[in-house]
Amino acid sequence: MSSEDIAEEIRNTFPGTEEVIVQYLAGYLVDDAGEDEDVLQVAQEILRSVARDRLDALSALMNNLANLLEEQLNARIKNKSRPRLQKLDKVMDMSKSHLSNTIALSEGVDLESINKGKASRVDVKKLEKQEAKLRAKIEKRSRRDLYEGSKLLDTYRKQQSYEEMFMKINPLEAGQAAKNKSKDIHLPSIDVNFGSNRILSGATLTLAHGRRYGLIGRNGVGKSTLLRHIAMREVPIPAHITILFVEQEIVGDDTAALDSVLKADVWRDHLLKEQAALDLKLQELEREGDDKRFEDAREELSSRLAEVHARLTDMDAESGPARAAALLAGLGFDEADQKRPTKSFSGGWRMRLALARALFVKPSLLLLDEPSNHIDLNALAWLEDYLQTWPGTLLVVSHDRAFLDAVATDIVHQHSGRLDYYKGNFTQFYSTKSERDKNLRKEYDTQMEYRKHLQAFIDRWRYNANRAAQAQMKIKILEKLPDLQPPEQEETEKFTFPETDKISPPLLQANEVTFGYQADKLILKNVNFDVGLDSRVAIVGANGAGKSTLIKILTGELNPLSGHVTRNGRLRVGYFAQHHVDTLIPTMNPVQFLASKFPGKTEQEYRSHLGNFQITGMTGLQQIGTLSGGQKSRVAFAILSLQRPHILLLDEPTNHLDIEGLDALMLALQKWNGGVIIISHDERFITTVAKELWVCGDGTVSKFKGDVQSYKNLIVSNIKAKP
């Protein structure tokens, strides 16, 4: 019975089940690793959450699985009855024994000593090569298992309600206990693991209260894992420091957006409800007589009400609605939006709600993971301005250099299982680190040259009677030299887009284009737009202004209500959609996916092409579902380049790329000879790639006379000017 049969059975019964759960259960049921458990019972418990009310379907599925696995389960029962290996009470460590490992096999003959003088016929190099291959295979398997397990763990954590998690991580007493206590965090030696992977080893975590830290590092180094460990207090953060981690979008329901933000401060909401209940009870008691028991009850309730009032005053509860409305307005929610139920918003807007909720709570330690990925340039400009006056401690993971320059007072560089700290923003960090790396390299090279000189002298005169004493002295000097580690090589990436062939203009033109998803609600009115091979245009504007809609009209995905789009007959357009990575098939590997889209090449040709976008080695043969967001983006770019486009239309292409990947993309686009139209919130990406800035808003698309910074300043000024 194969795991694929089991998977197919689950898919047929519950078609909407996440693929990761299907694959996990299929592997678990046929794997001997679960032989000591009631595997069917465990599987049923996991599937119960998927089945919900369809218990009959679940029961039928479990019966089918029991029939399919009958032979295998019976074999396991027989195996259980056989003698089992037992751990000895006393274990002898043979590696510490001076006795030969083979001397006890027969009457005192030491096989090791007999063979000691004989030359081994084993090819040591081949043996080492095979062992390296085996190690790589085991590591790859452990990473795959780790990925599957982490997905299920994340699913479990999402099922815990926000309120439960908040009250567990931030007890009400924490606010009271924090008075007159330092909110600085200094943990001299922390270890962070993710499954069998060591993320940090003996690292120092230092966060001074009131400072804003930018956490940077390569994709996959474990930045988000570190934030989760801090958020769950798996790293020993002092109990009086309140923590909030913005990682995932909120779950949509009928709660209005404004109420959702207000309810984010769980203790404020809890105390307001208690206050209302106490007021109601006191009103009831007022109607009773002057009996002593009623008077005692009134006194007790009044005392508790005074405590509740004091706590609500401490947390400035009265200003809550005004603060929440201001936060939502800054993040792009108008008055009508603030009254809409959260379930009516898309994932990106719900992510903004999650951000607004965290800013409303004002924890002592706020943790943000790539906050700029889910907001447009307008909202990002406001967020940068808002965070510059953040009263608590901020730890933010971001690949956006301009955001880190505007917000961060310190940079934390996570690499090689440790954390390095730098004062200043990202630009200052880059300058300091480059200088430090240069000095380390110089010091290392100098010492290596000196060691080489000493060793040459020792080798030449060590056995010369006249110079032996000098040689011994040099040996002592060599032994006392500090053992310097070679400086880490700066990892660089390179993307390559194939040069495009020239075609005569006009290439792509929008003439008097008008569009709306409903005829009475127009998004674009009489828009004129011309794209050529030398175009380098960035389109900016608020979410919903029509930026992505304009791109879709240019690609032909949408047709205008009036006006027309003219395309050159030979024109090839490459389109990177905002959620492009979601269209990749997770069960295929990158090589298979490229072959399915562009058949006719050899595996080596596909792998070579993927190498142009840093998908190298075994990564090209890993399932796409196990790749990071940045790696998926690289696969998407590899597919775009195979189209050999004349024009690239890129909608938020930087969202999943780390700083090195972003640098590689910018350099590749600068060198490329085709036209580029981008929608992006990343100031540095826009400044580097684009020559023109066009603003989309109020149904029009017009050229902006100024740079990105001027545009952001204008946005912040307009938001602040609103009453």
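For the structure, see preceding data.
A brief structural summary. Keep in mind that what you see is a predicted model, and the values were worked out from it rather than measured. Once a new chain begins, its residue numbering starts again from 1 and follows that chain's sequence as written. Two thresholds apply to this predicted model, a pLDDT of at least 70 for residue-level local features and 80 or more for giving and counting side-chain atom pairs, whereas whole-chain, interface and lining totals are computed over all residues. For side-chain calculations, the full set of non-hydrogen atoms in the structure is used, while hydrogens and water are omitted.

Observations concerning the overall build of the protein chain
In plain terms, the rule: Put simply, DSSP marks the helices as runs of H or I at least four residues long and the strands as runs of E at least two long, and each gets a number from the N terminus on. Each residue is assigned to one of three classes by its accessible area relative to the maximum for its type, calculated with a 1.4 Å probe on protein chains only: buried under 20%, partly exposed between the two thresholds, exposed over 50%. Under the convention used here, a 1.4 Å probe and the Shrake-Rupley method define accessible areas, while residue burial counts only the protein chains that appear.
Secondary structure assignment for the protein chain yields 27 helices and 17 strands. A burial count over the protein chain gives 42% of its 723 residues as buried. Counting every atom, the protein chain has about 40100 Å² of accessible surface; 50% of that belongs to carbon and sulfur.

Points about the pattern of salt bridges
Let me state the cut-off plainly: A side-chain nitrogen of Lys or Arg and a carboxyl oxygen of Asp or Glu constitute a salt bridge if their distance falls within 4 Å.
Applying the stated criterion to the full structure yields 19 salt bridges. For Arg572, the salt bridge identified is with Asp501, shortest N-O distance 2.9 Å. Taken together, the residues Arg572 in the loop between β12 (562-567) and β13 (573-576) and Asp501 in the loop between α20 (468-480) and β9 (508-515) connect sequence positions 71 residues apart. Here Asp501 falls in the partly exposed class, since its relative accessible area comes to 33%.

Digging into the packing of aromatic side chains
This is how the line gets drawn: Stacked, tilted and edge-to-face are the three classes assigned to paired rings of Phe, Tyr and Trp, where Trp is represented by its six-membered ring and a pair needs centres within 6.5 Å; plane angles under 30 degrees give stacked, over 60 edge-to-face, the rest tilted. Working rule: Lys NZ or Arg CZ, within 6 Å of ring centre, within 35 degrees of ring normal, means a charge sits over the ring.
What the rule picks out here adds up to 15 aromatic pairs. A ring pair is formed by Phe333 and Trp349, whose centres lie 5.0 Å apart and whose planes are at 80°; its orientation type is edge-to-face. In this pair, Phe333 sits in the loop between α14 (320-330) and α15 (335-339) while Trp349 sits in helix α16 (residues 347-361), placing the two residues 16 residues apart along the sequence. A single burial state applies to Phe333 and to Trp349, both of which are buried. Measuring from ring centre to ring centre gives 6.3 Å for Phe497 and Phe637, while their planes differ by 85°; the resulting arrangement is edge-to-face. Of this pair, Phe497 sits in the loop between α20 and β9 while Phe637 sits in helix α24 (residues 629-642), and the two are 140 residues apart along the sequence. Taking the relative accessible area as the measure of exposure, Phe497 reaches 10% and is therefore buried. A relative accessible area of 0% places Phe637 in the buried class. An aromatic cluster is built from Phe495, Phe497, Phe576, Phe613, Phe637 and Trp672, whose rings are joined through pairwise contacts. In this arrangement the basic side chain of Arg352 is found over the ring face of Trp349, its NZ or CZ atom lying 4.2 Å from the centre. In this structure, Arg467 is placed above the aromatic ring of Trp461, and the distance from its NZ or CZ to the ring centre is 4.3 Å.

Details of unusual backbone geometry
Residue Pro506 is bonded to the preceding Pro505 through a cis peptide linkage, with omega at -5°. Here Pro506 is to be found in the loop between α20 and β9. Positioned with a positive phi, Lys362 is a non-glycine residue whose angle comes to about 55°. You can see Lys362 is positioned in the loop between α16 and β5 (365-369). The backbone of Arg644 sits at a positive phi, close to 50°, despite the residue not being glycine. Within the element layout of this structure, Arg644 appears in the loop between α24 and β14 (647-651). Since its relative accessible area comes to 42%, Arg644 is described here as partly exposed.

Here's the deal with the environment of Arg572
To keep things clear, this is the line we draw: We call two residues in contact when some of their heavy atoms are within 4.5 Å. In protein, a polar contact means a hydrogen-donor-capable atom and an acceptor-capable atom, both N or O and within 3.5 Å, with residues adjacent in sequence counting only if both atoms are side-chain atoms; elsewhere, any N or O pair within 3.5 Å suffices.
For Arg572, a relative accessible area of 31% gives the class partly exposed. For the pair Arg572 and Pro645, spaced 73 residues apart in sequence, the C-alpha separation works out to 4.7 Å. Discounting chain neighbours no more than four positions away, the residues touching Arg572 are Asp501, Gln643, Arg644, Pro645, His646 and Ile647. A distance of 3.2 Å separates a polar atom in the side chain of Arg572 from the backbone oxygen of Gln643. Within polar-contact distance, the side chain of Arg572 engages the backbone oxygen of Arg644 at 2.7 Å.

Here's the deal with the sheet that holds strand β4 (residues 243-246)
The test is simple: What makes two strands pair is DSSP finding at least two bridges between them. For every element, the axis is a line fit to its C-alpha atoms; helices are fit only across the contacting stretch, and the angle between N-to-C directions ranges from 0 to 180 degrees.
Across the sheet, six strands lie side by side as β4-β5-β6-β3-β7-β8; this open sheet has mixed pairing. With one partner strand each, in any of the chains shown, β4 and β8 (418-423) form the two edges of the open sheet. Strand-to-strand twist in this sheet, taken as the mean axis angle between neighbours without regard to direction, amounts to 20°. Looking at chain direction, strand β3 (residues 212-216) and strand β7 (residues 410-415) are connected through four bridges and run parallel. Directly across from Tyr213, in β7, lies its bridge partner Asp410. Contacts from helix α19 (residues 426-461) reach β3, β7 and β8 within the one sheet, and its direction differs from that of β8 by about 115°.

Some thoughts on the packing of helix α3 (residues 39-51) against helix α4 (residues 55-68)
In a pair of packed helices, the angle between the axes and the distance between the axes together describe the arrangement. The condition that has to hold: Oblique is the label for any angle not under 35 degrees, not over 145, and not in the 65 to 115 range, which are roughly parallel, roughly antiparallel and roughly perpendicular in turn. For any helix crossing, the convention is left-handed if the near helix is rotated counterclockwise from the far helix by under a right angle, and right-handed if that rotation is clockwise. Charged residues are taken to be Asp, Glu, Lys and Arg, nonpolar residues to be Ala, Val, Leu, Ile, Met, Phe, Trp, Tyr, Cys and Pro, and polar residues to be all remaining types, Gly included.
At their nearest, the axes of α3 and α4 sit 10 Å apart, and the two run at 150° to each other. Comparing the axis directions of α3 and α4 gives the class roughly antiparallel. Like other packed secondary-structure pairs, α3 and α4 cross with a definite hand, here right-handed. Along the contact surface, α3 presents Leu40, Ala43, Gln44, Leu47, Arg48 and Ala51, while α4 presents Leu55, Leu58, Leu61, Met62, Leu65 and Ala66. Its residues assigned to classes, the contact of α3 with α4 comprises 10 nonpolar, one polar and one charged.

Quick notes on the packing of helix α22 (residues 590-597) against α24
Where α22 contacts α24, the axes come no closer than 11 Å and their chain directions differ by 30°. Put simply, α22 runs roughly parallel to α24. As for how α22 packs across α24, the hand of that crossing is right-handed. In this structure, α22 contributes Pro590, Phe593 and Leu594 to the contact, and α24 contributes Val635, Ile639 and Leu642. Among the residues making up the contact of α22 with α24, the classes are represented as six nonpolar, no polar and no charged.

Considering the pairing of β14
The side chains of a regular strand alternate between the sheet's two faces. Our working rule: A clockwise path from the first strand over the helix to the second, with the strands pointing away from the viewer, defines a right-handed crossover.
Counted residue by residue, β14 has five buried out of five residues, so it is predominantly covered. Here β14 shows no split at all, with Ile647, Leu649 and Asp651 on one side and Leu648 and Leu650 on the other all buried. Summarising the sheet, β13 and β14 pair through four bridges and their orientation is parallel. Paired with Tyr575 across the bridge in β14 is Leu649. As defined by bridge partners, β14 adjoins strand β15 (residues 675-679) across five bridges and the pair is classed as parallel. Residue pairing across strands places Asp651 opposite Ile679, the latter belonging to β15. With respect to chirality, the unit in which β14 leads through helix α25 (residues 659-671) into the neighbouring parallel β15 is right-handed.

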